[in-house]
Amino acid sequence: MLGLKLPTDPRWINIVEKNIEDILTDHAYCEQKAASTAISLIVSFPEYTELVTEMIALVKEEISHFKMVHDRIIAKGWVLGRDRKDDYVLQLLKFFPKGGSRTTQLVHRLLYAALIEARSCERFRLLSEELEDKELAEFYRKLMVSEANHYTMFLGFARQYGDRKEVDKKWNELLDFEADIMKDLSKNQTIHG
């Protein structure tokens, strides 16, 4: 369903199990960044009323997810750590050239967002199936469903606002690019890395 060309290395779960505190901190910031992305899309493209409406709802949902992850951190007696750069996203953002029409910029941003949500969904599925902490596994199972919905929403908007054939071509090229990125990742205690 997600179209990802390279699955996460299953050994990533072993890294996660040994670094739950780091994973939760990274996850919290991923949720905060997702809310920021939605706000940025509202600010940058206010004329797309349907998109703005969905992004308003997404901001609320992503911030509620941030709170849920933060609450888990507190419940474990930890504090939210510092944010770290997301090498996955930084590498991904190199794919599309800067510039172009407003529509092109919008489509590119929507495709990036769709792919990040798809990879998060895939990672959350792994966490839901493999974590020894069954309560945390169930938490990730519920979040996996949200990420899948976000992925389809962003990809749907990209196809709605851009030329469908061109968007699908760009999407497939982006998936190939992301697969190359993933060959060097799955070695860190981060959601995407």
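Described in the following lines is the structure provided in the data block. (Residues numbered from 1 in each chain as written. Predicted model: local features only at pLDDT ≥ 70, side-chain atom pairs only at ≥ 80, totals over all residues. Heavy atoms only, no water.)

**Some words on the packing of helix H3 (residues 49–75) against helix H6 (residues 134–161)**
Orientation of H3 relative to H6, taken along the N-to-C sense of each, is 160°, at an axis distance of 12 Å. By the angle between their directions, the pair H3 and H6 is classed as roughly antiparallel. Helix-helix and strand crossings are classified by hand; for H3 and H6 the assignment is left-handed. For the pair H3 and H6, the contacting residues are Glu 50, Leu 51, Glu 54, Met 55, Leu 58, Glu 61, Glu 62, His 65, Met 68, Val 69 and Arg 72 in the first and Glu 135, Leu 136, Phe 139, Leu 143, Ser 146, Glu 147, His 150, Met 153, Phe 154, Phe 157, Gln 160 and Tyr 161 in the second. (Axes fitted to C-alpha atoms, helices over the stretch in contact; angles between N-to-C directions. Helix = DSSP H or I, 4+ residues; strand = E, 2+ residues; numbered from the N terminus. Parallel < 35°, antiparallel > 145°, perpendicular 65-115°, else oblique. Left-handed = near helix turned anticlockwise from the far one by under 90°. Contact = heavy atoms within 4.5 Å.)

**Description of the packing of aromatic side chains**
Here the structure, examined in full by the defined rule, presents 9 aromatic pairs. Ring geometry for Phe 45 versus Tyr 48: centroids 6.2 Å apart, planes at 70°, classification edge-to-face. The same class applies to Phe 45 as to Tyr 48, namely buried. Ring geometry for Phe 139 and Tyr 140: centres 5.3 Å apart, planes at 75°, overall edge-to-face. The class of Tyr 140 is buried, set by a relative accessible area of 1%. Put simply, the rings of Phe 45, Tyr 48, Phe 157 and Tyr 161 touch in pairs and so form one group of aromatic residues. If you follow Arg 72 out to its NZ or CZ, it ends over the ring of Phe 139, 4.2 Å from the centre. (Phe/Tyr/Trp six-rings, centres within 6.5 Å; stacked < 30°, edge-to-face > 60°. Buried < 20%, exposed > 50% of the residue type's maximum accessible area, 1.4 Å probe, protein only. Lys NZ or Arg CZ within 6 Å of the ring centre and 35° of its normal.)

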